[in-house]
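# Commentary on secondary and tertiary structure
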Amino acid sequence: MGWLDSLLGRSKPVKPNLDALFALPSAAVTLQAATGLVPTGLGSVSFRAAEGGAFATLESDVKALLGGRVEESDDGYGYTWLLVRRAPDDVSDLVTELHAVNSSLESAGFGPSLLCSLVSFADPAGRRLAVVYLYKRGTFYPFAPLPGNRRDNALELQARGALDGELPLEADLGRWFPVWGAPGL
């Protein structure tokens, strides 16, 4: 970063650390103890699909690697979602597969196309929560949807308190973007 960037208030973007995803299994235990939310066995990766044969081949290879545990869908914002299903108590394998999808896209040069990854949680009362990893920020945040495109802010803040120290959390609450209708949530 040069002096002109400093003068204009520009900063270097944070380099994503996909290995931070591997902290999710232990964070899930902490989250369960603090909130009663348990993993659902669902996780997803969101990315903007690129045109061309190389991307189509890579996407096909990733789906073949994960077999019947993956479903593809598109949202209304131009992003593709790959939903991965595992047993609810198998958070480690779920995270490993989400990491494989992310790192495959990144190593093939499609890292800038990655938006986020999430692992979902629920409780018997019907509360839902996703722990979302923002690829471009290298941070996590909780997202708790309610019916009618509303958010359970109290649950999100409770989850943030539980996950503090477990995961690199996004400090700027303005970047806790809602992921309405995300597969698996």
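The preceding data block contains the structure.
Just so it is clear, the structure is predicted and the values come from calculations on it, not from any experiment.

Evaluation of the coordinates by the stated rule reveals three aromatic pairs. The interplanar angle of 20° and the centroid separation of 6.1 Å between the aromatic rings of Tyr141 and Trp176 together place this pair among those described as stacked. Taken together, the residues span a long stretch of sequence, with Tyr141 in strand 6 (residues 139–143) and Trp176 in the segment after helix 5 (153–163) at a distance of 35 residues. Neither residue differs from the other here; Tyr141 and Trp176 are each classed as buried. For the ring pair Phe143 and Trp180, a centre distance of 5.2 Å and an interplane angle of 75° mean the geometry is edge-to-face. Here the residue Phe143 occupies a position in strand 6, and Trp180 occupies one in the segment after helix 5, the gap between them amounting to 37 residues. Its relative accessible area of 0% is what places Phe143 among the buried residues.

Spatially, the six strands line up as an open sheet ordered 2-3-1-4-5-6, and their pairing is antiparallel. Pairing within the sheet leaves two strands with one partner each, and these edge strands are strand 2 (70–74) and strand 6. The average angle at which neighbouring strand axes cross in this sheet is 20°, direction not considered. In the sheet, strand 1 (residues 38–47) pairs with strand 3 (residues 80–85) via six bridges, with the strands oriented antiparallel. For Val45, the partnering residue across the bridge sits in strand 3 and is Leu82.

Parameters and conventions
- Residues numbered from 1 in each chain as written.
- Predicted model: local features only at pLDDT ≥ 70, side-chain atom pairs only at ≥ 80, totals over all residues.
- Heavy atoms only, no water.
- Phe/Tyr/Trp six-rings, centres within 6.5 Å; stacked < 30°, edge-to-face > 60°.
- Helix = DSSP H or I, 4+ residues; strand = E, 2+ residues; numbered from the N terminus.
- Buried < 20%, exposed > 50% of the residue type's maximum accessible area, 1.4 Å probe, protein only.
- Pairing = 2+ DSSP bridges.
- Axes fitted to C-alpha atoms, helices over the stretch in contact; angles between N-to-C directions.

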